[in-house]
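The lines below spell out each chain.
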Amino acid sequence: MISPLAYVDPAAKIGKDVTIEPFAYVEGDVEIGDGCVIKAHSNILKGTTIGQRTVIYHNAVIGAVPQDLHYKGEETGVIIGDDCDIRENVVIARATHKGDATTIGNHCFLMDGAHLCHDVKLDDWVLIGIKATLAGGAHVGSYTILSTSAQLQQNVHVGSWSFIQSGCRVSKDVPPYIIMAGNPAKYHGVNAQILRQNDKQPLDDRTIRHIMNAYYLIYQTSYSLEDATEKIIEQVPKGPEVDSIIDFVKQSKGLTK
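Residues numbered from 1 in each chain as written. Predicted model: local features only at pLDDT ≥ 70, side-chain atom pairs only at ≥ 80, totals over all residues. Heavy atoms only, no water.

## Some thoughts on helix α4 (residues 240–251)
Filter applied, for reference: What counts as a helix is a DSSP run of H or I of at least four residues, what counts as a strand is a run of E of at least two, and both are numbered from the N terminus. A helix is expected to reach a length of 1.5 Å times the quantity of its residues less one. The buried label goes to any residue with under 20% of its type's maximum accessible area, the exposed label to any with over 50%, and the partly exposed label to all in between, with areas taken from a 1.4 Å probe on protein chains only. Comment: arc refers to directions from the helix axis out to C-beta atoms. Whether two residues touch is decided by their heavy atoms; if any such pair falls within 4.5 Å, the residues are in contact.
An ideal rise of 1.5 Å per residue puts 16 Å on 12 residues; α4 measures up with 16 Å between its terminal C-alpha atoms. Of the positions making up α4, those classed as buried are E241, V242, I245, I246, F248 and V249. Relative to the axis of α4, the buried residues are bounded by an arc of 165° and lie together on one face. Seen from the open side of α4, the exposed residues pointing more than 90 degrees away from its buried face are P240, K250 and Q251. Contacts from the buried residues of α4 go to β23 (157–158), α2 (205–219) and α3 (225–235).

What follows is the structure, given as structure tokens:
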């Protein structure tokens, strides 16, 4: 199932039932898991490890040399999980420092022209929209959506179940369960519809009200972030979702307001 018109380095490790189409390019020091499909004209470069049943589409470049002045040629990597779709023209760069890797979790969907810079981390079930850009060190939590042309600046952390609308430019952290809109990005409410209707982890109305109350204290009062966090602890009933908000805020170096 490997086309004779593809280039596959003999040192590459290719799993079972892998399809590699004509004019694909696979370097050595690459591992491709069982059932993957590497479409025509895609490039899988050294340091890349791909899990099972992932599809890499036309003209994608996986394992690109990081566009980082701190990179000095070290051996770094890209690790992609199982059941991902990496669509046309996507670029994923390796990490900057020796032993590190840019990582993409399981069931992620990267649309046409998305660009993931060095040391980016995507958790499971992340969707990255058309021509969205993630700068070095950005981290996106599970079940989050970055819509078309959204931009995350360096080291920004986006929590799980959030939605970054089209064209947003995000320069600070985005906590879980919320919507960001505008340019520059601003808080635009809780991602309630997705939280209620998703088939992975649907939340009841009571839990969503608790999330809304927590974010009311953070975004719609005059409290400092530290005081708002204390008010959440005092006033909002505890639960895993509220606890994750508190933990995120405490660990963040600054929230998008």
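## Some thoughts on the side chain of T76
Test applied: In the analysis that follows, any N or O atom pair within 3.5 Å is treated as a polar contact, provided that within protein one partner can donate a hydrogen and the other can accept it, and provided that, for residues neighboring in sequence, both atoms belong to side chains.
For T76, the position within the fold is in the loop between β10 (61–64) and β11 (77–80). There is a polar contact of 3.3 Å between the side chain of T76 and the side chain of R94. Among the polar contacts made by the side chain of T76, one reaches the main-chain carbonyl oxygen of A95 at a distance of 2.7 Å. In this structure T76 touches G47, Y71, R94, A95, T96, H97, K98 and D100, once residues within four positions along its chain are discounted.

## Some points on the packing of α3 against α4
Here is the rule we go by: The convention used is that axes are lines fitted to C-alpha atoms, helices contributing only their stretch in contact, and that angles between N-to-C directions extend from 0 to 180 degrees. Note on terminology: angles under 35 degrees are roughly parallel, angles over 145 are roughly antiparallel, angles of 65 to 115 are roughly perpendicular, and the others are oblique. Should the near helix be turned counterclockwise from the far one by less than a right angle, the crossing is left-handed, whereas a clockwise turn marks it as right-handed. Residues are grouped as follows: nonpolar covers Ala, Val, Leu, Ile, Met, Phe, Trp, Tyr, Cys and Pro; charged covers Asp, Glu, Lys and Arg; every other residue, Gly included, is treated as polar.
Orientation of α3 relative to α4, taken along the N-to-C sense of each, is 160°, at an axis distance of 11 Å. Relative to α4, the element α3 lies roughly antiparallel. The crossing of α3 and α4 is left-handed. Between α3 and α4, the residues in contact are L225, T229, I232 and I233 and V242, I246, V249 and K250, respectively. Residues that form the contact of α3 with α4 fall into these classes: six nonpolar, one polar and one charged.

## Comments concerning the nonpolar core
When a protein is soluble and globular, its nonpolar side chains tend to lie buried together. For clarity, the cut-off: Throughout, nonpolar core names a set of buried Ala, Val, Leu, Ile, Met, Phe, Trp, Tyr and Cys residues whose side chains join them through atoms within 4.5 Å.
Ranked by size, the top nonpolar core spans 69 residues in total, and within it I92, L122, L134 and Y215 carry the most contacts. Among the elements of the structure, β11, β26 (178–181), β27 (186–190), α1 (192–197), α2, α3 and α4 are those that each provide at least two residues to this core. At seven residues, the largest contribution of residues to this core is made by α2. Setting aside residues no more than four positions away along its own chain, L122 makes contact with T103, I104, G105, C108, L110, L116, I128, L134 and V140.

## Remarks on the sheet that holds strand β17 (residues 121–122)
Either a parallel or an antiparallel arrangement is found when strands of a sheet pair, and the pairing is made through backbone hydrogen bonds. Selection criterion: Any two strands with at least two DSSP-identified bridges between them are counted as paired.
Taken together, the eight strands give an open sheet; going across it, the order is β2-β5-β8-β11-β14-β17-β20-β23, and neighbouring strands pair in parallel fashion. Strands at the two margins of the open sheet, each flanked by one partner only, are β2 (13–14) and β23. Relative to strand β14 (residues 101–104), β11 is paired through four bridges, and the arrangement is parallel. Paired with V78 across the two strands is T102, which belongs to β14.

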